[in-house]
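# Notes for the structure review
The lines below spell out each chain.
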Amino acid sequence: MSWRRAQALADLGERLLARERAAVAPALNLVDDRRPEARQEATALLAGLEETVLFGGARRIGLTGAPGAGKSTLLGALVQRLRSRGQTVGVIAVDPSSQRTGGALLGDRMRVRSGSADPGVFIRSLAARDQLGGLAEAARASVTIVAAAFDVVLVETVGVGQSEGEVVDLVDTLVYVAQPGAGDLLQCMKAGILELPDVVAVNKADLGPVAERTANELMAGAGLGERTTEWVPPVVLVSAQEGTGLDEFESALDDHVESLGPNGLQERRRRGRDASVRVSLERRYGSHGLAAWGGHAKLEARLAEAQDRSGFALAAVLGLEIEAALRGGGSDL
């Protein structure tokens, strides 16, 4: 990388950390560029941002759930409430992909219409590409960029599935948005994601008894999933369309973050970093590549040694080591 280009990247990073909205779009375009030279530059930018903030920075909330549950409507209502308190909001929306172009089918045009002209709101759609559960590969990079420039980041995913579980490693609080009468408890059990949500929102509460019945079913099932903490996800009835239940919904979000304790949020973000490194290396090199380098035990040891290092930088360094091992070199860099 030339000195001039390195300086341009440093300037872009400073503009993001100074919360300059105009810097967000070019940064997102860079991290979505698949060319090798762009990948190197994107890694440098992301590592610089991540190591500057170091598991701090903007609050991150994920919304997931089956299509038609009203995630976008609830997201729009949450954006309005955050803006009414003066907080800036970045939205990363993972959309279905076009089979022909690979691009996002819904795009920004369908989302958060009320916030589209607000300078305090930034919306970016990502194509889910081949991620069956809906989480785009570039989502973590995009969240890192947006989190540098806004107070709150909201991540909306396209549906429910095993790989949907990856969103939990991106956010501080994961909300499952349920649709009354749609059998959400059974769908969660089938998908194996019952233990993932931190808050459950039964949307369309204005439907009355069917919404209350769904909430009761989900409350009964909320404690069934295996969890590493004592937090049991609250089930909240909301109507994003009519604006009811939103106070209780936001209180549930706040209670979850408070339940993490003094260092809990930092630890959750550190675990998310570790998960992203594992997924990145496993997808790029597979079990054969990891085994040639030293296997999962070595990976866990390296993650533990690099407690305060950017996940983007760490994945890049470990990737070079694995490639050296595959070529027969095998030496650490």
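Here, every reference points to the structure presented above.
In this report, we go over the structure that sits alongside the text. (Residues numbered from 1 in each chain as written. Predicted model: local features only at pLDDT ≥ 70, side-chain atom pairs only at ≥ 80, totals over all residues. Heavy atoms only, no water.)

### A closer look at helix H7 (residues 209-221)
Given 3.6 residues per helical turn, the α-helix brings residues three or four places apart onto the same face. Its 13 residues give H7 an end-to-end C-alpha distance of 18 Å, which sits within 8% of 18 Å, the value for a rise of 1.5 Å per residue. Within H7, burial applies to Ala 211, Thr 214, Ala 215, Leu 218 and Gly 221. All buried residues of H7 project into a common sector of 130 degrees when viewed along the axis, lining one side. For H7, the exposed residues set more than 90 degrees away from the buried face come down to Pro 209 and Ala 220. (Helix = DSSP H or I, 4+ residues; strand = E, 2+ residues; numbered from the N terminus. Expected span 1.5 Å × (residues − 1). Buried < 20%, exposed > 50% of the residue type's maximum accessible area, 1.4 Å probe, protein only. Arc of directions from axis to C-beta.)

### Quick word on the side chain of Asn 203
Structurally, Asn 203 can be placed in the loop between strand S6 (199-202) and H7. One polar contact links the side chain of Asn 203 to the main-chain carbonyl oxygen of Gly 70, over a distance of 3.3 Å. (Polar contact = N/O pair within 3.5 Å; in protein donor to acceptor, adjacent residues only side chain to side chain.)

### Topic: helix H10 (residues 295-305)
For H10, the set of buried residues is Gly 295, Leu 299, Arg 302 and Leu 303. Down the axis of H10, the smallest arc covering the buried residues is 105 degrees, so these residues share one side. Those residues of H10 that are exposed and angled more than 90 degrees off the buried face are Ala 297 and Glu 305. Looking at the buried positions of H10, the neighbouring elements they touch are helix H9 (264-293) and helix H11 (311-327). (Contact = heavy atoms within 4.5 Å.)

Read these as layout, nothing more, since geometry by itself doesn't imply function.
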